[in-house]
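Residue strings, one per chain:
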Amino acid sequence: MKFRAKIVDAACLNQFTRVSNMIAKLAKTCTLRISPNKLNFILSDKLASGGVSMWCELEQENFFSEFQMEGVSAENNEIYLELTSENLSRALKTTQNARSLKIKLTNKHFPCLTISVELLSVSSSSRIVTHDIPITIIPRRLWKDLQEPSVPDSDVSIYLPVLKTMRSVVEKMKNISSHLIIEANLNGDLNLKIETELVCITTHFKDLGNPPLASENTSQNRNPEEMAEVHIDIKKLLQFLAGQQVNPTKAICNIVNNRIVHFDLLHEDVSLQYFIPALS
Amino acid sequence: NPAMLKCVMNGSQVKVFGKAIQALSRVSDELWLDPSEKGLALRSMNSSRSAYGCVLFSPVFFQHYQWSTSMKMNDNDRAFNLNCKLGMKSILPIFRCLTSLERNVEKCKIFTSSDECKIVIQFFCRHGIKRTHNVCFQESQPLQVIFEKNMCTNTLMIQPRLLAEAIVLFTSSQEEVTLAVTPLNFCLKSSSEDSMDLTNSVYSEMSFGPDEFDFFQIGLDTEITFCFKELKGMLTFSEAIHVPISIHFDFPGKPMALSVDDMLLEANFILATLADDPSRASSPQSLCLSQTRKRSDMIRSNSKADKSGTSQTPECISRKSAPKRLYPREAATKNSAGENCGSPQRKKASGDNIFEVPESIVSDTEEGPGSPYLRKFSCMFFGAVSSDQQEHFNRPLDSLAIASDSD
C-alpha cells in the first residue's frame, strides 16, 4: 500500500483545509477512502453516530498536482483508513503561508498519515512542518459497510435556505426541545417545527424552489402543498449545520416521509451527502 | 522602621506590569514581591521546584520607586527585606482586562509596609474614579535561583511572533515539548516520551533555519525536553512588550533559561529539563582554561546583539566545541576579583538579587568599557557559584531552588 500526494496551489490548499475543518465538525472519527481518482471522507458507523451517515467526495485532480496511490491489491486498488478528523484539521491549520503540502502514508512505529507543509515565513526562509497523524488501516472485509449510500426515493426534494439562517434558528430551538420536525413540500415551502407541552414554534421558509424531479411518475400525483416530514434529533441537525462554515454552491434537501432526511450539498467541487434518520 | 515599598505607574506601565504577573501565573499560584535597589522583582516558583520565574522591573521603569529594608535589631544586625508573598488568585483578578486598564488608568500606586502585612493597589482612573485593593500578604523570604545563563553553550534569540507560529502546532494536551538543535538547524517537536504510548496523539515537528533568529549560537548539538506551559507564558509576555525572547540551554537535565531583556525590565524563566537516560554516559569532558576566553567572547557578542536592540543581522556563530562542564571547584578559591560579591550564603542574607544577569557585568556603565580580564574573572566567579550547585543540575528534574538562609 502506498500513497503520496502534493498540493502546490494556494487556492486548492485553502479549499482542502476548509474541507478538513468541515469534516472535523461533522464527525469525530471518520474513514478516509483513497482511490485512483477520488478521496472520500466517510461516516458510516450507524451505531456510534446514532444512524447518521456522511459521504464526502472530491476529485483528486482538482486538488493535487501529484497523486500516486497503490491500493491493497490490484483488484482492490483502494485504501481505507480511519482517523480522528480533528488531527487532520489541526495539522492543516498552519497552511496560511504554505508553499506546498505533501501527504504520505507512512509507518513510524505505527501507520500514520504524514503531513508535510513547507512554509514561507516572514524572513523569507522556508520552514518545514511535519505532522504524523496516527491512523488505522481498515481491513477489506469491512469495506462493504463503507460504500456510497444509495440516494433514497424521496417524497419531496427542495432547495435549502441560507444555511446560516437555518443554523441560528435551530440553535435557538435547541434550548426548548430535543427533537425537531423538518417538513417541506413541492411548492417551495420548508418548515422547522418544535412542539412541547407549553409551546409550539414553527419557522417558515417560503419560495425556496424545488429541483427538477428525477422521476416524473412518483410526484405527478402528489399535491404540491402536501408536506413530507421527518422527526429528527435536533442536535444532529445542528451538528450538520455547524459544519457548513461557507454557504454551499448548491444545497438540496430530500425528505422521505417519516424515514430519513438527506442533505445533498456541493461546495465548489466537493460534494457532501449527509443522512439523518427519523427518531424511532 | 518596617521594610517598605512604594511605586507609581501610569496606564501603559500598568499593562506591562499586569502582563508580567500573568506570565508568572503560568509558573505557580504564588507571587513574591521583592524590592531592592535593583528594582522590584516579581518572583514565582512552582511546587515541584522545576520552574522558576522572575521579572525584575528596574527603578526607572516606574514613575516613582521607593523602597527600604527594615532595621531590626538582632544578633547579626541584618537588614530585613520586605518578604511579601501573595496568592496569584488575589492579585491576578486585579490586573485583568489590561487593555481597558491601560486606557482608563491615569496613575497606579502600589505601596506597602511590612508591619501591616498588606499591599495596597490604587488605581486613579478617568472621571475621578479611584479604585483601591487591599491584598494581604504572607511574610515569606523569596526563593531565588542561581543560574548562569550566559555560561550556556547554546544561546538563541528570536522574535516572539516567529516562535508563536510554531507553538500553534502543539495541542494544549501536550505537556512537554522538545527542542532539538544543531549549528544549522532548530527544531521544535512533540515530546517523544508520550507518543509511544498514546497511539492517538499526533507527533508534530517544526524546523527553523538559523537565519530566522536574531542570534543563533550552538556549541553543542542537543535535544532538551521541557514544559510547554512556561514557554507559552514567556512567549506571550515577550510578544506583549515587543522584545525578542532568548533561550539559553546546554544538555538534557541541566536547567534552561528563557529570557526577555530590555532597558527597563528583565524577565527570566528557569526551567528544569528532562534528563537523559541515566545509564547513558552523558558527562561532558572537563573544560580547559582556554575556553574561558571563548566564553567571554560569547558574552561580548551577546551583549552586542542586545545593545543594538532589534538587530536584524543574524549572528550565526556556530561552533562545535567540546561539551562544556561547569567550572571546576578549584576556581572558586582562586577568585579574588569576586570578593565584593561574597559567598553565596552571605549574598542571600543581604537581600541582594543573586540572580545576576551576566550582561549587566559587561554593559554596566560603572565598570566602563571594562577590561576583558575583569570580565573573564566575573564569568569564572559565576561559574564557580554555579559549580557549588553542580550536583543539583546534573540530577534529573531536581530542585532548582537554593533555599534561603531562614529555611
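Provided above is the structure to which this section pertains.
The model shown is predicted, which means the values in this text are computed figures rather than measured ones.

Asks: Describe the overall build of chain A, naming the residues involved and giving the relevant values.
Replies: Counting its secondary structure elements, chain A contains 5 helices and 18 strands. By the compact-globule yardstick of 19 Å for 280 residues, chain A fits well, its C-alpha radius of gyration being 21 Å. Sequence-distant contacts in chain A: of pairs separated by 6 or more residues, those separated by 24 or more amount to 63%. Element-wise, carbon and sulfur atoms account for 47% of the exposed surface of chain A, whose accessible area totals about 13400 Å². Averaging the positions of the 30 positive and the 31 negative side-chain charges in chain A gives two centres separated by 10 Å.

Asks: Could you give an account of a negative patch on the surface, with specific residues and numbers?
Replies: All names here are of chain A. Taken together, Glu-59, Glu-61, Glu-268 and Asp-269 make up a surface patch of like negative charges. Relative to the elements of secondary structure, Glu-268 occurs in the loop between β17 (260-267) and β18 (270-277). Note on Glu-268: relative accessible area 54%, which makes it exposed.

Asks: Give me the lowdown on the side chain of Lys-6 of chain A, citing residues and values where you can.
Replies: All names here are of chain A. By the element assignment, Lys-6 lies in strand β1 (residues 2-7). The side chain of Lys-6 is buried and forms no salt bridge, while Glu-66, the nearest opposite charge, is found at 4.2 Å. Residues in contact with Lys-6, not counting those within four places in the same chain, are Phe-64, Ser-65, Glu-66, Ser-100, Leu-101 and Lys-102.

Asks: With reference to specific residues and values, describe the pattern of salt bridges.
Replies: All names here are of chain A. Across all of its chains, the model carries 17 salt bridges over all chains by this definition. With a closest N to O distance of 3.9 Å, Asp-145 and Lys-144 form a salt bridge. Classification of Lys-144 by relative accessible area gives exposed; the value is 62%. Of the charged contacts in the structure, one is a salt bridge between Glu-171 and Lys-174, with a shortest N-O distance of 3.6 Å.

Asks: Outline the state of the cysteines, listing residues and values.
Replies: Counted by the stated rule, this structure contains 0 disulfides over all chains. Lacking any disulfide linkage, Cys-84 of chain B is separated from the closest cysteine sulfur, that of Cys-117 of chain B, by 8.6 Å.

Asks: Describe helix α4 (residues 160-167) of chain B, and please don't skip the residues or the numbers.
Replies: Across the 8 residues that make up α4 of chain B, a large majority, 6, are buried. By the burial criterion, the buried members of α4 of chain B are Pro-160, Leu-162, Leu-163, Ala-164, Ala-166 and Ile-167 of chain B. Contact partners of the buried residues in α4 of chain B: β9 (126-134) of chain A together with β13 (154-158), β15 (185-190), β16 (203-208), α6 (228-240) and β19 (245-249) of chain B.

Each value, and the rule that gives it
Residues numbered from 1 in each chain as written. Chains lettered and ligands numbered in written order. Predicted model: local features only at pLDDT ≥ 70, side-chain atom pairs only at ≥ 80, totals over all residues. Heavy atoms only, no water. Helix = DSSP H or I, 4+ residues; strand = E, 2+ residues; numbered from the N terminus. Rg over C-alpha atoms; globule rule 2.2 N^0.38 Å. Contact = heavy atoms within 4.5 Å. Areas by Shrake-Rupley, 256 points an atom, 1.4 Å probe, with all protein chains shown as cover. Lys, Arg positive; Asp, Glu negative; His and termini not counted. Charge placed at Lys NZ, Arg CZ, Asp CG, Glu CD. Patch = residues over 30% accessible without salt bridge, like charges linked within 9 Å, V, L, I, M, F, W, Y side chains within 5 Å. Salt bridge = Lys/Arg side-chain N within 4 Å of Asp/Glu carboxyl O. Buried < 20%, exposed > 50% of the residue type's maximum accessible area, 1.4 Å probe, protein only. Disulfide = S-S within 2.5 Å.

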